[in-house]
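Commentary on secondary and tertiary structure
One letter stands for each residue in the lines below.
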Amino acid sequence: MSTFICPCGSGKDFADCCEQIIQGTRSAAAPEELMRARYAAYATGAIDFILDSTHPDERANCDRKEVQIWSEQSTWKGLEIINTEKGGPNDDEGTVEFIARYNSRNVEMEHHEISIFKRLGGKWFFYDGKIIGPKPFVRTTPKVGPNDPCPCGSGKKYKKCCGK
């Protein structure tokens, strides 16, 4: 049994949290719990669990080598659960929106996704995910044209002042 804080962000010891699910001594009770265990599996290099917890209909879409490279070449910084929907005891499907933070090649990264989980034979599996991209830039001030007065207040046209 391991004695370090679980990477999933629960604050619990890994042995009392995701390790049990990753090692198969208990099943995830809900999609969020499986999402946390999958994140912990990426952080601890438990590639078999990542593949095995993928829905059987979707496993052909998993590239073991790519999963392993992403797991091993990243420093996992934290998991933030944004939202969960369904996935209760009477549901066969549920979603988890999350942000996984990691460092890859000395660059801080965020993986924002809405994951779909499906129950099969009483057990939860990751089914598919939709990547959420960054929000588009929304200009809050009017665009300055080249012949408009410069917003710096110089009295010159923008193209002859700050627009150079």
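Residues numbered from 1 in each chain as written. Predicted model: local features only at pLDDT ≥ 70, side-chain atom pairs only at ≥ 80, totals over all residues. Heavy atoms only, no water.

1. Section: the packing of aromatic side chains
Selection criterion: Only rings of Phe, Tyr and Trp enter the pairing, Trp through its six-membered ring, and a pair is recorded when the two centres are within 6.5 Å. The plane angle decides the type: under 30 degrees is stacked, over 60 is edge-to-face, the rest tilted. Numbering of helices and strands starts at the N terminus; helices are DSSP runs of H or I of at least 4 residues and strands are runs of E of at least 2. Partly exposed residues are those whose accessible area sits between 20% and 50% of the maximum for their type, while under 20% is buried and over 50% is exposed, using a 1.4 Å probe and protein chains only.
The tally for this structure, following the rule as stated, stands at eight aromatic pairs. Seen from their ring centres, Tyr42 and Trp70 are 5.1 Å apart, and the 65° between their planes marks the pair as edge-to-face. Within this pair, whereas Tyr42 is found in helix 2 (residues 31-44), its partner Trp70 is found in helix 4 (residues 64-72), the two being separated by 28 residues in sequence. We classify Tyr42 as buried; its relative accessible area is 14%.

2. Quick word on the layout of surface pockets
This is how the line gets drawn: Points on a 1 Å grid, built from protein atoms alone, make a cavity when a 1.4 Å probe fits but cannot get out and make a pocket when they are open with protein on both sides within 12 Å along at least 5 of 7 lines; residues with an atom within 4 Å of a point are the lining residues. Grid points are joined across faces, edges and corners, and a volume is the space filled by probe spheres set on the points. When residue character is reported, Ala, Val, Leu, Ile, Met, Phe, Trp, Tyr, Cys and Pro are called nonpolar, Asp, Glu, Lys and Arg charged, and the others, Gly included, polar.
Roughly 460 Å³ of volume is contained in the largest pocket. Lining the largest pocket are 22 residues; nearest its centre among them are Arg38, Tyr42, Trp70, Glu113 and Phe126. Elements with a minimum of two residues in the lining of the largest pocket: helix 2, helix 4, strand 2 (93-104), strand 3 (107-120) and strand 4 (123-131). Classifying every residue of the lining of the largest pocket by side-chain character gives 12 nonpolar, five polar and five charged.

3. Concerning the side chain of Ser115
Inclusion rule: Polar contacts, as counted here, are pairs of nitrogen or oxygen atoms within 3.5 Å of one another; within protein the pair requires one atom able to donate a hydrogen and one able to accept it, and residues that are adjacent in sequence qualify only if both atoms are side-chain atoms. We call two residues in contact whenever any of their non-hydrogen atoms come within 4.5 Å of each other.
Along the polypeptide, Ser115 turns up in strand 3. By relative accessible area, Ser115 is classed as buried at 1%. There is a polar contact of 2.5 Å between the side chain of Ser115 and the side chain of Glu113. In contact with Ser115, other than residues within four places in its own chain, are Met35, Gly94, Thr95, Val96, Phe98, Phe126, Asp128 and Gly129.

4. Focus: the sheet that holds strand 2
What counts here: Two strands qualify as a pair provided DSSP detects at least 2 bridges between them. To get an axis, fit a line to the C-alpha atoms, keeping to the stretch in contact for a helix; angles then go from 0 to 180 degrees between the N-to-C directions.
Pairing within the open sheet is antiparallel, and its four strands lie in the order 1-2-3-4. In this open sheet, the two strands that pair with only one neighbour each are strand 1 (74-86) and strand 4. When strand polarity is set aside, the average angle formed by the axes of neighbouring strands in this sheet is 30°. Each of strand 1, strand 2, strand 3 and strand 4 touches helix 2; the most contacted strand, strand 1, lies at about 170° to it. Each of strand 1, strand 2 and strand 3 is contacted by helix 4, which is oriented at about 110° to strand 1, the strand it contacts most.

5. A few points about the nonpolar core
Rules: What is meant by a nonpolar core is a set of buried Ala, Val, Leu, Ile, Met, Phe, Trp, Tyr and Cys residues, joined one to another through side-chain atoms within 4.5 Å.
In terms of nonpolar packing, the biggest core is built from 31 residues, with Cys6, Cys18, Ile22, Phe49 and Phe117 touching the most fellow members. At the level of elements, helix 1 (18-22), helix 2, helix 3 (47-52), strand 1, strand 2 and strand 4 are the ones that each hand at least two residues to this core. Element by element, the count of residues in this core is highest for helix 2, at seven residues. The contact partners of Phe117, leaving out residues within four places of it in the chain, are Pro31, Leu34, Met35, Arg38, Asp92, Glu93, Gly94, Val96, Trp124, Phe125, Phe126 and Tyr127.

6. Section: the environment of Glu97
As for its placement among the helices and strands, Glu97 is situated in strand 2. Taking C-alpha positions, Glu97 is 8.7 Å from Glu85, a pair spaced 12 residues apart along the chain. Contacts of Glu97, omitting those with residues within four sequence positions, involve Glu80, Ile81, Ile82, Asn83, His112, Glu113 and Ile114. Looking at Glu97, its side chain comes within polar contact range of the side chain of His112, at 2.7 Å.

7. Digging into the pairing of strand 3
The pairing of strand 2 with strand 3 spans 12 bridges and is classified as antiparallel. Considered in strand 3, the bridge of Thr95 is made with Ile116. As consecutive antiparallel partners, strand 2 and strand 3 are separated by two residues, and within that stretch Arg105 has a phi angle of approximately 55°, a positive value. Looking at chain direction, strand 3 and strand 4 are connected through eight bridges and run antiparallel.

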